[in-house]
Each structure stands twice: as structure tokens, then as C-alpha cells.
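Below, each chain spelled out in residue letters.
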Amino acid sequence: MTDGYGRKIEYLRMSVTDACNLKCIYCMPPDGMKECPCRQAMSADEFVEIARAAASLGMKKLRITGGEPLVRSDIVPLVRRLGEIPGIEDMSLTTNATLLAPIARELFEAGIHRINISLDTLDAGKYEKITRGGRLSDALDGIRAAFEAGMSPVKLNTVLIGGFNDDEIEALAALTLHCPVQLRFIELMPIGDTKGEFSAEAYLPDSTVLDRLPQLEPVPSEKHTVARLYRLPNAKGEIGLISPLSNHFCAECNRLRLTADGCLKPCLHSAEEIPVRGLHGQELNSAILTAVSHKPEKHVELSATERSEAKRSMYRIGG
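Residues numbered from 1 in each chain as written. Predicted model: local features only at pLDDT ≥ 70, side-chain atom pairs only at ≥ 80, totals over all residues. Heavy atoms only, no water.

Colleague: What should I look at first to understand the side chain of S270 in this one?
Modeller: Position of S270 relative to the elements: it lies in the loop between β11 (263–265) and β12 (274–275). Overall, S270 belongs to the buried group, its relative accessible area being 17%. With near-sequence residues (within four places) excluded, S270 lies in contact with K265, E309 and A310. (Helix = DSSP H or I, 4+ residues; strand = E, 2+ residues; numbered from the N terminus. Buried < 20%, exposed > 50% of the residue type's maximum accessible area, 1.4 Å probe, protein only. Contact = heavy atoms within 4.5 Å.)

Shown next as C-alpha cells:
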């Protein structure tokens, strides 16, 4: 499938639930979820049907997101079914890892060999604050379990927030010296019901990382990756910079997003959504092709004062 700007669309990010066991400040409003997401999330059969249709049209890469996907009691069998779909060549998972340790090996055996894990701080108190109650030790246990299960690469996603974790840039980057992780600093995005949570100073450009770590050396990146990659001298891992505000990567975007309640989003920061829940056969295929054809050339400008046009907070879209 090719969109109107010549981009080959072959990557589906699938949010399998809006529910999450954490309430990260940049992702969820202070009062949390306004209604029980389990009443809206699609069934495993519905996700599999949509993924199968997308694969038949050329989708090759699938990422399972949330909310927090591991809160689904059927996540392992769902992953297994998705991985068995003909045409899906690559399947991965995004998680906060706090529920990962007990099922990491099961997920690996079901088909999750690559994983992205949110890790915004190495300070237990700050972790509890940013997640509104989470425990850093649970996340670290999950990261260890991912390595022990054989997952590779393990990518750690750090949302860069001025006045919160910018004093940890060096410490977080140092994780790559002795561990083969990709530590990715992501610019804070002004999206959803979080407008009052951050001052303008919180929205740091990723150049802040380069300023703090002048010894970083650029390394080649794969096509369509959202991160510009660097390496500290003699490090086992890499450091990625993801810049939706200061240096957007729309020209390389090859994805659609499927929400837990069954809508395709051609662009993360657009208000447009194409409902696909309840569609079957050619009607479903046509809706997927419509979503591809509606991908904009680029998203709106984003800054501390210019917010995303998305109608949802991040927990209702998928990380």
C-alpha cells in the first residue's frame, strides 16, 4: 500500500487496550480514565481479523501497544495468534514492563522478540511521581526479564522533560556503556488532556542531549526508523533521539495506528479516525485503504503553545 506522498505503508501499531496500571503524567489526565476501557476494547477475534486484513494488503510489521498491553489477561494467546498471521514478518511490543517479569518468556515464545520499555528516570521517587504510584523496581525487574528471555533489541524510551529528568541525561545514557540497549530520548509531546501539567520549559529539544553528551558519535539508522542513532565511545548499546517537535520525521512515516475501540488513525496528531470495528471482508479492506489514502504529508506544528489535533490522550492512542 502506498499513500498519496509515495510512502509505502507497511507498519500497523495496534493498541489492544486503553487500560493501564500506571497513570503517567504526560499520557493520562490527573483523574485517570473517565470510564472503564474494558467496555470498549475490541475482542481478540476482532484484533486478529483486522490484522489479517491489513496483512493481506501489505502490512508486514506489527507493534502491540496500549494503554498497557500486559493488563489484558489474554495477551499471550492474542500475541500468538497475531504472530501466526501470514504476511506479518515482524512483531514487537511496547510496555511499561512493570507486569513483564512473570510472562516475559511466554511472550518471547509466542513471538515477541523485540520490545520497547518506558523508563523516564532511574530515581525511585521520581518514578513514583511521574507514573502516579508506580514502582521503579517492578520496571527494572521487567527489563531484566526481557533480556533473560532472549528479547533483542531491548529499547528503553525516555520522555525528556525539562525540570524533571534532564538532570539524568548522563546517567541514563550511561546504561548503554555496559548493556546492549537502545536508550531513546523522546521529546515531550503536547497532546491530550495534559495541557496544565507542564510549563514551556518542560518541552526540551533533543539537541539538549547532544549538548550534554558531546562525545556521542552518529551511527547509521535503518530506513523508516523514527530515531537518529548515536553511540558513546566503546559503548555496547546506542542512544536514539526522537524529535516530533524540533525535527519531525513525517517523510519517513510508514504506519497506521489502530485504537483499542476500533478506529484507524492515519496520523498520530490528526483528529481524523476511520472506524473499522464491525467491518468484514471487502468493506474492511476498503476502510484500511481509505486510512492509507488519508495520511497527511506531515502533522501540525507542535510546541509548548501549539498542541496536537488528536482528540485522544496518548493512553487512548497507543505509544
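Colleague: Please clarify how the packing of helix α1 (residues 44–56) against helix α9 (residues 281–293) should be interpreted in this entry.
Modeller: Helix packing for two helices is described by the angle between their axes and how far apart those axes are. It is at 10 Å that the axes of α1 and α9 come closest, and there the two elements cross at 65°. Judged on the interaxial angle alone, α9 and α1 are roughly perpendicular. Considering only the axes of α1 and α9, their crossing is right-handed. For the pair formed by α1 and α9, the contact residues are E49, I50, A53, A54 and S56 on the first element and L284, N285 and I288 on the second. (Axes fitted to C-alpha atoms, helices over the stretch in contact; angles between N-to-C directions. Parallel < 35°, antiparallel > 145°, perpendicular 65-115°, else oblique. Left-handed = near helix turned anticlockwise from the far one by under 90°.)

Colleague: Is there a simple way to think about the sheet that holds strand β2 (residues 61–65) in this case?
Modeller: Backbone hydrogen bonds hold the strands of a sheet together, and the pairing may be parallel or antiparallel. Pairing is mixed in the open sheet, where 12 strands are placed in the order β7-β8-β9-β6-β5-β4-β3-β2-β1-β10-β11-β12. The outermost strands of the open sheet, each flanked by one partner alone, are β7 (217–218) and β12. Across 4 bridges, β2 lies against strand β3 (residues 90–95) in parallel orientation. Its bridge partner being in β3, K61 is matched across the sheet by D90. The sheet contacts of α1 involve β1 (11–15) and β10 (255–258), and relative to β1 the element is tilted by about 170°. (Pairing = 2+ DSSP bridges.)

Colleague: Any chance you could explain the packing of aromatic side chains here in plain terms?
Modeller: Both the distance between ring centres and the angle between the ring planes are used here to describe each pair of aromatic rings. The final tally for this structure, using the stated rule, is 1 aromatic pair. Ring centres of F198 and Y203 lie 6.5 Å apart, and the angle between their planes is 75°; on these two criteria the pair is classed as edge-to-face. For F198, a relative accessible area of 16% corresponds to the buried category. Take Y203: its relative accessible area is 13%, and that puts it in the buried class. Above the plane of the ring of Y11 lies K61, whose end atom (NZ or CZ) is 4.4 Å from the centre. Sitting over the ring of F164, K126 keeps its end group 5.3 Å from the ring centre. (Phe/Tyr/Trp six-rings, centres within 6.5 Å; stacked < 30°, edge-to-face > 60°. Lys NZ or Arg CZ within 6 Å of the ring centre and 35° of its normal.)

Colleague: Got a minute to help me understand α1 in this structure?
Modeller: Since the α-helix advances by 3.6 residues per turn, residues separated by three or four positions end up pointing in the same direction. An ideal rise of 1.5 Å per residue puts 18 Å on 13 residues; α1 measures up with 18 Å between its terminal C-alpha atoms. The complete set of buried residues in α1 reads A44, F47, V48, I50, A51, A53, A54 and A55. Once α1 finishes, G58 follows within two positions and takes phi at roughly 125°, a positive value. (Expected span 1.5 Å × (residues − 1).)

Colleague: I would appreciate a short explanation of the pattern of salt bridges in the present structure.
Modeller: Oppositely charged side chains are able to pair whenever their charged atoms sit close together. Here the structure, examined in full by the defined rule, presents 18 salt bridges. The residue E197 makes a salt bridge to R132 at a minimum N-O spacing of 3.8 Å. Of this pair, E197 sits in the loop between β6 (181–187) and α8 (207–212) while R132 sits in the loop between α4 (124–130) and α5 (136–149); the two residues are 65 residues apart in sequence, bridging distant segments of the chain. The exposure class of E197 is partly exposed, given its relative accessible area of 31%. We note a salt bridge from R316 to D261, for which the minimum N-O separation is 3.3 Å. Taken as a pair, R316 in the segment after α9 and D261 in the loop between β10 and β11 lie far apart in primary sequence, 55 residues in all. Judged by its relative accessible area of 19%, D261 is buried. Bridged by salt links that share partners, the residues D18, D261, K265, E273, R312 and R316 form one connected network. (Salt bridge = Lys/Arg side-chain N within 4 Å of Asp/Glu carboxyl O.)

By themselves these figures say nothing about function.
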